[in-house]
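Residues per chain, in single letters:
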Amino acid sequence: MTTASETVAPAKAGVHAEQIWAWLAEISDPEIPVISIVDLGIVRDVQMAADGACTVTITPTYSGCPAMQVIADAITNALQAHGLQDVRLQNQLSPAWTTDWMSEEGKAKLKGYGIAPPAQQVIDISGLHAGAAVSRRAQPRLTVACPNCGSTRTEITSQFGSTPCKALYKCLDCREPFDYFKCH
């Protein structure tokens, strides 16, 4: 974001998508400021048109995510501050965002911030078809490591944590509560 004393220089000719990805990686998620929107997997694509227009495709972490307008504004402001005047945002809802899109660096940042990162990959259901028998066996208990002490002796306290994409857990060893970023 520029102030009145700053001027926005026009983008240099030949700005490449790689440079834009780097600029976008500097934008923090408004709900979890330790992780960037790129590490979170919200930014899906960047396209530069011959006329200098930049289109950024983003996918919300879940439908109705209240942070998406803040993220869209941050993207537009950041790219315009780097001289890209024609910034276009495209919201892509399908395929739906998944925690599998988070970078390993992002997951490490979550853990360092005190939020347990997703403990497993999302289950691939693409092979299921209508009429297929679905097992009603109990699913194995999810092992979530405490981001504070590393213990796996944890238990869920609530399916919903500080945001809908997180659950609230507590550690049975260090007794600290913590958020867990749910797989989805």
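- Going by an unreviewed UniProt entry, the protein chain carries the name Phenylacetate-CoA oxygenase subunit PaaJ and comes from Duganella vulcania.

1. Observations regarding the nonpolar core
Reasoning step 1: Among the nonpolar cores identified, the biggest contains 30 residues, and Ile-20, Leu-24, Val-56, Ile-75, Leu-79 and Phe-181 are the most heavily contacted of them.
Reasoning step 2: Counting residues per element, the ones that place at least two in this core are helix H1 (17–24), strand S1 (43–48), strand S2 (54–58) and helix H2 (68–81).
Reasoning step 3: For this core, the two domains that each supply at least three residues are domain 1 (17–91) and domain 2 (104–181).
Reasoning step 4: Setting aside chain neighbours within four positions, we find Ile-20 in contact with Val-15, Val-46, Met-48, Cys-54, Leu-79 and Leu-84.
Reasoning step 5: If you look at the next biggest cluster of nonpolar residues, it comprises eight residues, including Val-144, Cys-146, Ala-167 and Phe-178.

2. Section: unusual backbone geometry
Both trends apply: most residues other than glycine have a negative phi, and most peptide bonds are in trans.
Reasoning step 1: Cis geometry is adopted by the peptide bond preceding Pro-95, which originates at Ser-94 and carries an omega value of 5°.
Reasoning step 2: For Arg-175, which is not glycine, the phi torsion reads 70° and is therefore positive.
Reasoning step 3: Among the structural elements, Arg-175 can be located in the loop between strand S6 (166–171) and strand S7 (177–181).
Reasoning step 4: By relative accessible area, which is 56% here, Arg-175 ends up exposed.

3. A look at the sheet that holds strand S4 (residues 115–116)
Reasoning step 1: Strand order in this open sheet of four strands is S4-S7-S6-S5, and the pairing throughout is mixed. Either end of the sheet is taken by a strand with one partner, and the two such strands are S4 and strand S5 (154–158).
Reasoning step 2: In the sheet, S4 pairs with S7 via two bridges, with the strands oriented parallel. Paired with Ile-115 across the bridge in S7 is Asp-179.

4. Quick word on the sheet that holds S1
Reasoning step 1: Read across the open sheet, the three strands follow the order S1-S2-S3; overall the sheet is mixed. The open sheet is flanked by S1 and strand S3 (87–91), the only strands paired with a single partner. For this sheet, the mean inter-axis angle between neighbouring strands, taken without regard to orientation, is 20°.
Reasoning step 2: The pairing of S1 with S2 spans five bridges and is classified as antiparallel. Bridge pairing in S2 places Val-46 opposite Val-56.

What counts and what doesn't
Residues numbered from 1 in each chain as written. Predicted model: local features only at pLDDT ≥ 70, side-chain atom pairs only at ≥ 80, totals over all residues. Heavy atoms only, no water. Core = buried A, V, L, I, M, F, W, Y, C linked by side-chain atoms within 4.5 Å. Buried < 20%, exposed > 50% of the residue type's maximum accessible area, 1.4 Å probe, protein only. Helix = DSSP H or I, 4+ residues; strand = E, 2+ residues; numbered from the N terminus. Domains from an automatic or database assignment. Contact = heavy atoms within 4.5 Å. Pairing = 2+ DSSP bridges. Axes fitted to C-alpha atoms, helices over the stretch in contact; angles between N-to-C directions.

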